[in-house]
Amino acid sequence: MKTTAFNPYLPSWEYIPDGEPYVFDNRVYVYGSHDYYNGHVFCLGDYVCWSAPVEDLGNWRCEGVIYSKTEDPLNREGKMCLYAPDITIGPDGRYYLYYVLDHVSIVSVAVCDTPAGEYKFYGYVHYSDGTRLGERQGDEPQFDPGVLTEGENVYLYTGFCGHGDKSRTGAMATVLEKDMLTIKKAPAIVVPGSEYSTGTGYEGHAFFEAPSIRKHGNTYYFIYSSEVMHELCYATSSKPTEGFRYQGVIVSNCDLHIDSYKPAELPMAYGANNHGSIVEIGDKWYIFYHRHTNGTWYCRQGCAEEICINEDGYIKQVEMTSCGLNGGPLPGNGEYPSYLACNLFMEESSVYVGGDRFPKIMQEGRDGDENVGYISNMTKSATAGFKYFECKNIKKIGIAVRGYGSGEFEIRTSWDGKVLSRIEVKFSNVWESYEEDIDIPDGIWPIYITYAGEGNVSLRSFWLK
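Residues numbered from 1 in each chain as written. Predicted model: local features only at pLDDT ≥ 70, side-chain atom pairs only at ≥ 80, totals over all residues. Heavy atoms only, no water.

Caption draft 1: Broad picture of the overall build of the protein chain. Within the protein chain, the secondary structure is distributed over 0 helices and 30 strands. In terms of overall size, the protein chain behaves like a compact globule, its C-alpha atoms giving a radius of gyration of 22 Å where 465 residues would be expected to give roughly 23 Å. A principal-axis box enclosing the C-alpha atoms of the protein chain has dimensions of 75 × 45 × 45 Å. Put simply, 59% of the contacts in the protein chain that link residues at least 6 apart link residues at least 24 apart. Accessible area of the protein chain: about 18100 Å², with a carbon and sulfur share of 47%. Across the protein chain, the mean location of the 39 positive side-chain charges is 2 Å away from that of the 63 negative side-chain charges. (Helix = DSSP H or I, 4+ residues; strand = E, 2+ residues; numbered from the N terminus. Rg over C-alpha atoms; globule rule 2.2 N^0.38 Å. Contact = heavy atoms within 4.5 Å. Areas by Shrake-Rupley, 256 points an atom, 1.4 Å probe, with all protein chains shown as cover. Lys, Arg positive; Asp, Glu negative; His and termini not counted. Charge placed at Lys NZ, Arg CZ, Asp CG, Glu CD.)

Caption draft 2: Here's a closer look at the pairing of strand β1 (residues 20-24). The element β1 is largely enclosed, with a buried count of 4 among its 5 residues. Pairing of β1 with strand β2 (residues 27-31), which is carried by 5 bridges, proceeds in the antiparallel orientation. Bridge assignment links E20 to a residue of β2, and that residue is Y31. Where β1 hands over to β2, the hairpin turn is made up of 2 residues, of which D25 adopts a positive phi near 50°. (Buried < 20%, exposed > 50% of the residue type's maximum accessible area, 1.4 Å probe, protein only. Pairing = 2+ DSSP bridges.)

Caption draft 3: View of the pattern of salt bridges. Tallied over the full model, the rule gives 25 salt bridges. Between R412 and E410 there is a salt bridge, with its nearest N and O atoms 3.0 Å apart. (Salt bridge = Lys/Arg side-chain N within 4 Å of Asp/Glu carboxyl O.)

Caption draft 4: Structural context of the sheet that holds β2. In space, the 4 strands of this open sheet follow the order β1-β2-β3-β4, with antiparallel pairing throughout. Every other strand in the sheet has two partners, leaving β1 and β4 (61-67) as the edge strands with one partner each. Neighbour to neighbour, the strand axes of the sheet diverge by 25° on average, direction disregarded. Where β2 lies against strand β3 (residues 47-53), 5 bridges are found, and the strand directions are antiparallel. What sits directly across from Y29, in β3, is S51. (Axes fitted to C-alpha atoms, helices over the stretch in contact; angles between N-to-C directions.)

Caption draft 5: Main features of the environment of I250. Among the structural elements, I250 can be located in strand β16 (residues 245-252). With a relative accessible area of 0%, I250 lands in the buried category. Taking the C-alpha atoms as reference, I250 lies 20 Å from L344; in sequence the two are 94 residues apart. Here I250 is in contact with I223, L232, C233, Y234, I278, I287, I307, I315, K316, Q317 and V318, once residues within four sequence places are set aside.

Caption draft 6: Unusual backbone geometry, seen in detail. P8 follows N7 through a cis peptide bond whose omega is 0°. In this fold, P8 is placed in the segment before β1. That bond from K387 to Y388 is cis: its omega, -10°, falls within 30 degrees of zero. Its place among the elements puts Y388 in strand β25 (residues 383-391). Although it is not a glycine, D25 sits at a positive phi angle of roughly 50°. Phi is positive for N377, which is not a glycine, with a value near 60°. The topology assignment puts N377 in strand β24 (residues 374-378). On the accessibility criterion, N377 (14% relative accessible area) is buried.

Caption draft 7: Structural detail: the packing of aromatic side chains. With the rule as written, the count across this model stands at 36 aromatic pairs. The interplanar angle of 50° and the centroid separation of 5.9 Å between the aromatic rings of Y157 and F222 together place this pair among those described as tilted. With Y157 in strand β10 (residues 153-158) and F222 in strand β14 (residues 219-226), the pair connects residues that are 65 residues apart, well separated along the chain. By the burial criterion, Y157 is buried, and F222 matches it. Aromatic pair F207 and Y224: ring centres 6.0 Å apart, planes at 45°, arrangement tilted. One end of the pair, F207, is in strand β13 (residues 207-216); the other, Y224, is in strand β14, and 17 residues separate them in sequence. Note on F207: relative accessible area 0%, which makes it buried. With a relative accessible area of 0%, Y224 lands in the buried category. (Phe/Tyr/Trp six-rings, centres within 6.5 Å; stacked < 30°, edge-to-face > 60°.)

Caption draft 8: Examining empty space enclosed by the protein more closely. Tallying each qualifying case throughout the model produces 1 cavity of 30 Å³ or more. By volume, the largest cavity amounts to about 210 Å³. Mapped by element, the contributors of at least two residues to the lining of the largest cavity are β18 (284-292) and β23 (360-362). Considering every element that reaches the lining of the largest cavity, the biggest residue donor is β18, with 3 residues. (1 Å grid on protein atoms, 1.4 Å probe; cavity = no way out; pocket = protein on both sides within 12 Å on 5 of 7 lines; lining within 4 Å. Points joined across faces, edges and corners; volume = space filled by probe spheres on them.)

Caption draft 9: Fine view of the layout of surface pockets. In this model, the largest pocket occupies a volume close to 290 Å³. As for the largest pocket, its lining consists of 17 residues, and the residues nearest its centre are Y22, L148, I213, R214 and K215. Going through the elements one at a time, β1, β5 (86-89), β9 (146-150), β13 and β17 (277-281) are the ones with two or more residues in the lining of the largest pocket. Ranked by residue count, the leading element in the lining of the largest pocket is β1, at 4 residues. A breakdown of the residues in the lining of the largest pocket according to their chemical character gives 12 nonpolar, 2 polar and 3 charged. Within this model, the second largest pocket holds a volume of roughly 210 Å³. Along its surface, the second largest pocket is lined by 16 residues, and F42, F143, E209, N273 and R300 are the ones closest to its centre. Residue composition of the lining of the second largest pocket, grouped by class: 9 nonpolar, 3 polar and 4 charged. (Nonpolar A, V, L, I, M, F, W, Y, C, P; charged D, E, K, R; others polar.)

Put into structure tokens, the structure is as follows:
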């Protein structure tokens with residue numbers, strides 16, 4: 001029996017952003033950086049890998065630490081962070097992990113005989129004279145490596161382009177020899193940054209960071225985070241190092257641009273940077289990305305959505321959902337934790353994370369404590385949205401709430417729709433359960449829960465009967 005899959009797809013106490021998904025031997029492996037709950041900066045942890053059977057995408061297994069930050073000779077004291085990695089199988093059949101440390105601008109490589117074993121430091125990407133990529137005069141700093149191996153050619157994609165920095169041109173593609181380290185062909189710009197995007201077709205969606213590369217049929221898909229940060233865009237080409245044309249947005253971690261259920265430019269979650277890629281699992285394609293929690297940029301969690309690649313190669317932007325890898329809506333009965341909210345907003349809208357101004361997903365304890373997440377800081381108009389549920393004969397809805405507030409929660413099946421039920425809550429410093437009648441029409445529906453009271457409350461879970 002398949003395990004129900006959710007978003008985020010890992011436990012609520014795990015923070016693995018920047019996910020690069022791959023299928024090896026009938027398992028999906030996700031390689032990402034490692035945030036800490038309540039971390040003060042990005043990527044404080046060692047690399048941890050998770051995997052799931054391709055036929056059961058809700059059944060994730062922690063493979064443990066696959067690479068320690070102190071394994072790199074430049075970081076024996078562990079003072080630098082491991083930024084977003086990528087992985088590829090080399091011509092020799094081994095698995096090569098590419099990454100950049102946060103205080104240097106060169107690309108490091110580690111190697112392992114298995115997808116999620118103990119990786120060992122292998123070397124630094126360098127020119128034939130031994131000069132490391134990023135340190136030769138004229139080189140741009142290296143960042144966020146993405147990598148693809150075809151035959152004896154290894155294609156390495158890197159770059160970071162902030163607004164106003166004309167020293168950063170765009171995303172780069174570098175061709176490596178089969179030894180996985182030596183440069184065969186020097187870096188070439190494949191997608192422009194914002195300072196060089198005028199007249200290119202990338203205006204408004206120029207390259208910022210997070211380059212990732214995939215190939216589908218004869219087409220190369222370059223996935224990246226754009227200058228607005230919250231969206232993952234893609235460009236395509238018939239060649240791996242030239243000719244990429246902007247195609248569109250695949251996903252936004254605040255659901256901007258989506259107009260299927262709300263105005264296109266209305267954000268429905270608190271976004272910030274984004275990083276991920278696409279992968280084919282069985283006969284379906286998915287986009288992996290991350291969301292932001294705890295009201296900060298530094299507690300990111302991996303999510304995934306099913307996508308469709310049309311015959312012409314086009315990918316339509318997808319909504320953020322709570323059901324992600326499930327292959328369809330969640331069962332419209334039983335109890336669900338509130339951290340599954342794919343929409344989280346209030347009357348004052350914001351594209352970006354806003355600290356304690358807005359509701360946020362958090363957990364008890366500190367990083368590593370396996371405590372289930374919940375939504376806190378819900379003040380008047382704060383709304384949590386959950387998508388989607390297959391509802392049949394639903395007559396009751398309940399919530400578990402605590403906090404210094406009193407009033408009522410309103411239940412809807414669209415963010416601005418008719419109130420279907422009102423649940424009165426009272427001040428309590430412990431979790432209390434409340435339940436009311438509701439009549440949800442049979443069918444597939446989202447559930448929106450809005451706080452309409454005074455004070456500040458937290459929502460642990462809700463249930464349908």
